[in-house]
Amino acid sequence: MALLQVERLTKSFGGRRVLRDVSFGIDGGEIVGLVGSNGAGKSTLGDILAGVTAADSGQMTLSGHPYAPLSAADARLLGVDVVQQQVRIDPGLTVAQAVVRGTSQSGRPQPELRRQAGVLLAEVGLDVDPDTRVGDLPYFVHGLVETARVLAEDTRFVVLDEVSAALLPLEVTRLHAVAGRLSRQGRGVLYISHRLPEMLEVVDRVLVLRDGVIALDSPADCLDPVRLAAETMGEPVSLPAPRVAATLARSAPDDVPVRASTWPAPADDVALRVRNLRVPGRVEGVDLLLRHGEVVGLTGHRSSGVREIAGALSGELPAVTGEVVLHGEHRTLGPAAGEALRLPAYHPDDDADGVDPGETIARTLTQEPWGALSDLRREIASLRGVIRTVHRLDVKTLSIRTVFGALSGGDQHKLALARWMASAQDVVVLHEPTRGLDVRSRQQVRQLLDEATAHGTSVVVVSVDPDELAECCDRVGIVSGGRVARWIDTRELAVDAVRDRIVEAATVA
Ligand SMILES: Nc1ncnc2c1ncn2[C@@H]1O[C@H](COP(=O)(O)OP(=O)(O)OP(=O)(O)O)[C@@H](O)[C@H]1O
């Protein structure tokens, strides 16, 4: 008998039928992957299992008994819990309070809570003081805090919704160890992810959700990432090509000179040169050279200094440097000069947050107060632009009047990035531009990048995901001890070869 059995679930939002006829079973001790394109309904399904959302019709059983939770709290009592994709924990709580909140443990004395939270945090590989305020933690940590909370409970079935999306390979390995432990304890796990190569390493079976039904239910060892991507999209997908090869294959617009990949770059080809960049105590002297139209990646462990380099470039952290040349202009940075680089930076969490989730897609993308639109032709052109973007990015919605917050996580991210990139010029910093995106959406984001770089924009991509770096960048710097320990050139290498080099170099560093 399956631990959790799902029969003919359906769910619609307005006129959009998301789940049509979903049936499957998951045994105790099984880790089952759930994949599907952005907007396919994975989170909706996970939320139904965990009582967050109710299905329109269908039945579920848990250990053979009818299971129809009235709320998330009800599901938790019955032993089913979810770590949600866009989890937001009350920033005023301490980590220890967050780990035990809503569980049977929460009434225990504080010292015991702290001790227990410390053990659980270590288990998910999170090296933070249990007294730290949640609001002081980076966003990626929230999913791990939630995973620790699930461990604190007597849960029989756990949904992990995109917990790995913002994690480094080493952190993903720890998350997989947690999933393995849950499975050895006889619990069932539904593991939702777009990071297919990593997911296939941990799951026993994979369910593909496509067009509202389970289109494939297969043992993981019969699948590889390319076949799985094709099953997810319902059509063959091409392997991502390295960016430089794609750039050379593309016919450049007449007004854009095709650059030779020479190194060092000629002086007039330099978009940004920084020598000896320092953030006292955190960044130890980094040299960075970015040519016009180049995409340079930076990655490294949490304490490597990579975030601080990005923070110094975007002016979020005070930096000192020997020399900065930006568009041919020399600048001096440092407290004395009172000047900072202030490169525009896109952070998926902050910028998707900066968008009002209650606002329509149309208003979000036009960025104009509608009262200010007094010219009908301008308004039509502007709305046409919105429709084009929604089509082009394949956003799953029936109308541009849908509120932004009702879109799937991936669709929100794509639109927020497209909106941000529309005004990106010169040199910009992008944090995790393809996070949480399916294989086709990743290609669409690469196209956005290619278009921007073809017009001379240069990009620094900061990421934890080796596949993203391999697909999007011309060069990737591995940061360690506040320095770039090694540069990996992606030219003339297959994407998975670059990925392996990044993982290997980051592990050594
Ligand atoms: N509360 C809601 N109101 C209206 N539509 C919704 C709501 N929640 C989800 N949807 C719609 O249901 C569809 C499925 O969304 P869901 O978040 O489940 O997709 P997903 O497969 O998890 O996508 P992603 O990979 O992008 O996270 C989307 O088209 C989304 O717009």
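The structure presented is a predicted model; accordingly, all values stated were derived computationally and were not measured.

Even after reading the chapter, I still don't get the domain arrangement of the protein chain, so can you show me in this structure?
Many structure descriptions define interface size as the accessible area lost when the parts assemble. As far as domains go, the protein chain holds domain 1 (2-233) and domain 2 (270-508). One C-alpha centre belongs to domain 1, the other to domain 2, and the line joining them spans 28 Å. On the domain 2 side, the residues contacting the 22 residues of domain 1 number 22 residues. For the side of domain 1 that touches domain 2, the class distribution of residues is nine nonpolar, 10 polar and three charged.

What is the right way to read the nonpolar core from this model?
Across soluble globular proteins, nonpolar side chains show a tendency to be buried alongside one another. By size, the foremost hydrophobic cluster in this structure holds 75 residues, and its most contacted members are Val99, Ala148 and Tyr191. Among the elements that take part in this core, helix H5 (residues 140-152) stands out by supplying seven residues, more than any other. The next biggest cluster of nonpolar side chains, apart from the first, holds 60 residues, and it includes Val295, Val445, Ile478 and Ile502.

Could you clarify how one ought to interpret unusual backbone geometry in this entry?
Leaving glycine out, the prevailing phi sign among residues is negative, and the prevailing peptide bond configuration is trans. For arginine 8, which is not a glycine, the phi torsion comes out positive at approximately 50°. Mapped onto the elements of the fold, arginine 8 is located in strand E1 (residues 4-13). Note on arginine 8: 14 C-beta atoms within 10 Å, which makes it partly exposed. Phi is positive for serine 63, close to 50°, though the residue is something other than glycine. Relative to the helices and strands, serine 63 is located in the loop between strand E4 (57-62) and strand E5 (65-66).

Just checking my understanding: could you explain the UniProt feature "domain: ABC transporter" (unreviewed entry) in the protein chain for this structure?
What UniProt calls "domain: ABC transporter" (unreviewed entry) maps, in this numbering, to residues 4-236 and 265-506. Annotation note: span residues 4-236, helix share 34%, strand share 26%, distance between end C-alpha atoms 32 Å.

When you look at the site of the ligand in this model, what are you seeing that I'm missing?
Near the ligand there are 20 residues, and of these Phe13, Ser43, Thr44, Ser408 and Gly410 occur at the shortest range. Contributions of two or more residues to the shell around the ligand are made by strand E2 (16-26), helix H1 (42-49) and helix H14 (409-421). Of the residues that constitute the shell around the ligand, the class distribution is five nonpolar, 11 polar and four charged. Two domains each provide a minimum of three residues to the shell around the ligand, namely domain 1 (2-233) and domain 2 (270-508).

Looking at this structure, how should I read the sheet that holds strand E15 (residues 329-331)?
Consider a sheet: its strands pair through backbone hydrogen bonds, and that pairing is either parallel or antiparallel. Reading across from one edge, E12-E11-E14-E15 is the order of the four strands in this open sheet, with antiparallel pairing throughout. In the strand order of this sheet, the two ends are held by strand E12 (283-291) and E15, each with one partner. The mean angle between the axes of side-by-side strands here comes to 20°, regardless of whether they run parallel or antiparallel. Of the strand pairs in this sheet, strand E11 (residues 270-279) and strand E14 (residues 323-326) are connected by four bridges, and their pairing is antiparallel. Residue pairing across strands places valine 274 opposite valine 324, the latter belonging to E14.

Please explain the sheet that holds strand E13 (residues 295-300) as it appears in this structure.
If you walk across this open sheet you meet the six strands as E16-E17-E18-E13-E19-E20, and the pairing is mixed. Across the chains shown, the open sheet's two edge strands, defined by having one partner strand only, are strand E16 (345-346) and strand E20 (483-489). Strand direction decides the pairing type here: E16 and strand E17 (residues 427-431), joined by two bridges, are parallel. Pairing of tyrosine 346 across the sheet is with leucine 430, part of E17. Here helix H10 (residues 306-313) sits on the sheet in contact with E13, E16, E17, strand E18 (458-462) and strand E19 (475-480), set at roughly 140° to E13. Each of E13, E19 and E20 touches helix H17 (residues 495-508); the most contacted strand, E20, lies at about 160° to it.

What is the right way to read H1 from this model?
Residues spaced three or four apart along an α-helix point in a common direction, a consequence of the helix completing one turn every 3.6 residues. Along H1, eight of the eight residues are buried, which leaves the element largely enclosed by surrounding structure. Considered for burial, the residues of H1 that qualify are Lys42, Ser43, Thr44, Leu45, Gly46, Asp47, Ile48 and Leu49. Positioned one or two residues after H1, glycine 51 has a phi angle of 75°, which is positive.

Hey, could you run me through the confidence of the model for the protein chain in this one?
Low pLDDT marks regions whose predicted coordinates should not be analysed in detail. Across the protein chain, the average pLDDT comes to 86, with 90% of residues at 70 or higher. The model gives residues 245-264 a pLDDT under 50, and that stretch makes 14 contacts with residues more than four places away or in other chains.

Would you mind going over the pairing of E18 with me for this structure?
Looking along a regular strand, one sees side chains alternate from face to face of the sheet. Buried residues dominate E18, accounting for five of its five residues. Side chains of E18 alternate between two faces, with Ser458, Val460 and Val462 and Val459 and Val461 buried alike. In terms of strand pairing, E13 meets E18 through four bridges, oriented parallel. Each residue of the ladder has a partner; that of valine 295, found in E18, is valine 459.

Before we go on, may I ask you to explain the packing of helix H4 (residues 110-123) against H5 in this structure?
Two quantities define a packed helix pair, namely the angle between the helix axes and the distance between the axes. Where H4 meets H5, the closest approach of the two axes is 9 Å, and the angle between their N-to-C directions is 115°. Relative to H5, the crossing made by H4 is right-handed. Contacts from Leu120, Leu121 and Glu123 of H4 reach H5 at Ala148, Leu151 and Ala152. Classifying every residue of the contact of H4 with H5 gives five nonpolar, no polar and one charged.

Looking at this structure, how should I read H4?
Under the 1.5 Å per step criterion, the end-to-end length of H4 is 20 Å for 14 residues, consistent within 8% with the ideal 20 Å. All of the buried residues along H4 are Leu113, Ala117, Leu120 and Leu121. With its buried residues spanning 100° around the axis, H4 presents them on a single face. Exposed residues pointing more than 90 degrees away from the buried face of H4 are listed as Pro111, Glu112 and Ala122.

Mind showing me how you'd approach the packing of H14 against helix H15 (residues 439-454) here?
One can describe the packing of H14 onto H15 by two numbers: an axis separation of 11 Å at closest approach and a directional angle of 5°. Comparing their axes, H15 and H14 come out roughly parallel. Contacts between H14 and H15 involve Gly410, Lys414, Leu417, Ala418 and Met421 from the first element and Ser441, Gln444, Val445, Leu448 and Ala452 from the second. In the contact of H14 with H15, the residues fall into six nonpolar, three polar and one charged.

Just to check I follow, could you spell out the environment of glycine 92 for this structure?
Within the secondary structure layout, glycine 92 lies in the loop between strand E6 (80-83) and helix H3 (95-100). As a C-alpha pair, glycine 92 and threonine 132 span 40 residues in sequence and 9.8 Å in three-dimensional space.

Help me understand the pairing of E19 in this model?
Counted residue by residue, E19 has five buried out of six residues, so it is predominantly covered. Two strands pair when backbone bridges link them, and E13 and E19 are joined in this way by five bridges, in the parallel orientation. In the sheet register, valine 296 faces E19, and the bridge partner there is arginine 475. Pairing analysis gives six bridges linking E19 to E20, with the strands arranged antiparallel. Directly across from valine 476, in E20, lies its bridge partner isoleucine 488. Taken together, E19 and the strand that follows it, E20, pair antiparallel across an intervening segment of two residues, in which glycine 481 is found at a positive phi of about 55°.

About the thresholds
Residues numbered from 1 in each chain as written. Predicted model: local features only at pLDDT ≥ 70, side-chain atom pairs only at ≥ 80, totals over all residues. Domains from an automatic or database assignment. Contact = placed C-beta atoms within 7 Å. Nonpolar A, V, L, I, M, F, W, Y, C, P; charged D, E, K, R; others polar. Core = buried A, V, L, I, M, F, W, Y, C linked by C-beta atoms within 7 Å. Buried ≥ 20, exposed ≤ 12 C-beta atoms within 10 Å, placed from the backbone. Helix = DSSP H or I, 4+ residues; strand = E, 2+ residues; numbered from the N terminus. UniProt positions renumbered as here; feature names shortened; annotations may be inferred. Near = placed C-beta within 6 Å. Pairing = 2+ DSSP bridges. Axes fitted to C-alpha atoms, helices over the stretch in contact; angles between N-to-C directions. pLDDT = per-residue confidence, 0-100. Left-handed = near helix turned anticlockwise from the far one by under 90°. Expected span 1.5 Å × (residues − 1). Arc of directions from axis to C-beta. Parallel < 35°, antiparallel > 145°, perpendicular 65-115°, else oblique.

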